[in-house]
Number of protein chains: 2
Amino acid sequence: MSSIVKISEAASMALHAMVFLASEPDRVVPSKEVAARLGRSEAHLSKVMQRLAREGLVSSTRGPKGGFILKKGPRDISLLEIFEVMEGPLEETNCLLGRPICRGGNCIFGDLLRGVDRQAKEYLSKRSLWDLQGVFKGKDK
Amino acid sequence: MSSIVKISEAASMALHAMVFLASEPDRVVPSKEVAARLGRSEAHLSKVMQRLAREGLVSSTRGPKGGFILKKGPRDISLLEIFEVMEGPLEETNCLLGRPICRGGNCIFGDLLRGVDRQAKEYLSKRSLWDLQGVFKGKDK
DNA sequence: AATATTTAAGATCTGAAATACCTAAATGAG
DNA sequence: CTCATTTAGGTATTTCAGATCTTAAATATT
């Protein structure tokens with residue numbers, strides 16, 4: 001099974017973790033709990049959380065009762081922001097081989113790549129954590 | 001710079017190589033020449049060609065005057081076919097974390113992933129090598 | 001027919017990125 | 001003040017794409 005979309009597990013976890021934090025407002029949540037809820041590796045997730053903290057999307061506190069909490073309101077954090085913190089700025093791809101072939105708008109991929117990237121960017125930038133309440137509502141398993 | 005579209009260099013080379021072969025009908029082209037034309041590593045390209053041969057998209061002959069040639073007419077080879085030979089069957093992705101969260105059509109990514117994959121599949125399946133004549137027409141550099 | 005040359009096939013190695021592990025530092029609780 | 005809890009950060013491991021190297025086959029040359 002392959003897909004044409006590439007999102008690292010790290011970025012995917014970051015997005016999901018942030019959505020989860022948004023569903024637990026005003027509560028400091030330890031990464032262990034987040035990992036459990038996502039059903040993912042504690043080790044890896046903690047690295048991701050660390051990154052989100054360094055980049056200022058969440059604030060962290062150590063020690064007992066420590067954990068992570070959103071630094072801004074859910075309305076003020078877009079999915080794109082989170083994605084870019086993990087994967088770097090999202091740009092539109094042109095032909096993958098670039099020169100010397102496929103130059104000048106005459107590319108094998110036509111406008112597929114640009115179109116898809118633009119669409120993804122649009123999607124991610126238009127959605128804030130606020131818009132994704134509900135994802136973590138149903139009790140799971 | 002990051003993109004959300006993932007196509008390996010191998011798959012990209014495969015697509016371009018096939019288009020190039022289509023532009024040289026009835027001629028056996030050595031991989032060295034293809035690599036030169038694409039401006040890519042000979043080593044890597046030859047592995048790609050090897051794969052395409054094993055999968056029956058091109059036929060290969062060794063020795064002097066050897067090389068590769070399309071096995072079917074350009075109208076009968078779609079880009080999707082080539083893509084899938086390299087990357088495996090292209091399926092529509094759902095949520096990347098899958099269970100336990102984001103189940104039942106209530107996913108962070110909404111219909112973005114499915115939509116994009118469907119779009120790509122559509123694009124690739126609708127285009128044959130024949131549709132891409134012209135890409136290699138202009139003399140380059 | 002023998003040999004050297006050309007070219008693909010196949011196996012193995014390498015390097016970078018992603019992920020997992022492990023120890024140190026901080027903080028609150030008892 | 002000591003201990004348990006939890007994040008921080010460095011290091012190790014894994015994985016995989018891409019590169020290198022070796023072998024086999026076909027042809028041309030003599």
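Provided above is the structure to which this section pertains.
To start, this report covers the structure provided alongside it. (Residues numbered from 1 in each chain as written. Chains lettered and ligands numbered in written order. Predicted model: local features only at pLDDT ≥ 70, side-chain atom pairs only at ≥ 80, totals over all residues.)

1. Digging into the packing of helix α5 (residues 112-126) of chain A against helix α5 (residues 112-126) of chain B
Right, so step 1: At a closest axis distance of 11 Å, the pairing of α5(A) and α5(B) adopts a crossing angle of 170°. On the basis of the axis angle, α5(A) is roughly antiparallel to α5(B). Note on element contacts: α5(B) touches α5(A) through Leu112(B), Val116(B), Gln119(B), Ala120(B) and Tyr123(B), opposite Leu112(A), Val116(A), Gln119(A), Ala120(A) and Tyr123(A). (Axes fitted to C-alpha atoms, helices over the stretch in contact; angles between N-to-C directions. Helix = DSSP H or I, 4+ residues; strand = E, 2+ residues; numbered from the N terminus. Parallel < 35°, antiparallel > 145°, perpendicular 65-115°, else oblique. Contact = placed C-beta atoms within 7 Å.)

2. Here we look at the protein's contact with DNA strand C
Right, so step 1: Taken together, 27 residues lie around DNA strand C, and Glu9(A), Ser41(A), His44(A), Gly63(A) and Ser60(B) are the ones closest in.
Right, so step 2: Considering each element in turn, the surface near DNA strand C owes the most residues, six residues, to helix α3 (residues 42-54) of chain B. (Near = placed C-beta within 6 Å.)

3. A few points about the protein's contact with DNA strand D
Right, so step 1: Of all residues adjacent to DNA strand D, which total 28 residues, the nearest are Ser60(A), Glu9(B), Ala43(B), His44(B) and Gly63(B).
Right, so step 2: Only α2 (31-38), α3 (42-54) and β2 (67-70) of chain A together with α1 (9-22) and α3 of chain B provide two or more residues apiece to the surface near DNA strand D.
Right, so step 3: The leading source of residues in the surface near DNA strand D is α3(A), at six residues.

4. Describing the nonpolar core
Right, so step 1: In terms of nonpolar packing, the biggest core is built from 82 residues, with Ala17(A), Met18(A), Val19(A), Ala17(B), Met18(B) and Val19(B) touching the most fellow members.
Right, so step 2: Setting aside chain neighbours within four positions, we find Val19(B) in contact with Ile108(A), Leu129(B), Leu132(B), Val135(B) and Phe136(B). (Core = buried A, V, L, I, M, F, W, Y, C linked by C-beta atoms within 7 Å. Buried ≥ 20, exposed ≤ 12 C-beta atoms within 10 Å, placed from the backbone.)

5. Details of the pairing of strand β1 (residues 58-61) of chain A
Residues and elements named next belong to chain A.
Right, so step 1: Here four bridges tie β1 to β2, and the two strands are oriented antiparallel to one another. Bridge pairing in β2 places Ser59 opposite Ile69.
Right, so step 2: Between the end of β1 and the start of β2, which pair antiparallel, lie five residues, with Gly63 showing a positive phi angle near 80°. (Pairing = 2+ DSSP bridges.)

6. Quick notes on unusual backbone geometry
Residue and element names in this part refer to chain A.
Right, so step 1: For Asp26, which is not glycine, the phi dihedral falls at a positive 60°.
Right, so step 2: Residue placement: Asp26 occurs in the loop between α1 (9-22) and α2.
Right, so step 3: For Asp26, a count of 6 C-beta atoms within 10 Å corresponds to the exposed category.
Right, so step 4: The backbone of Lys65 shows a phi angle near 65°, a positive value even though the residue is not glycine.

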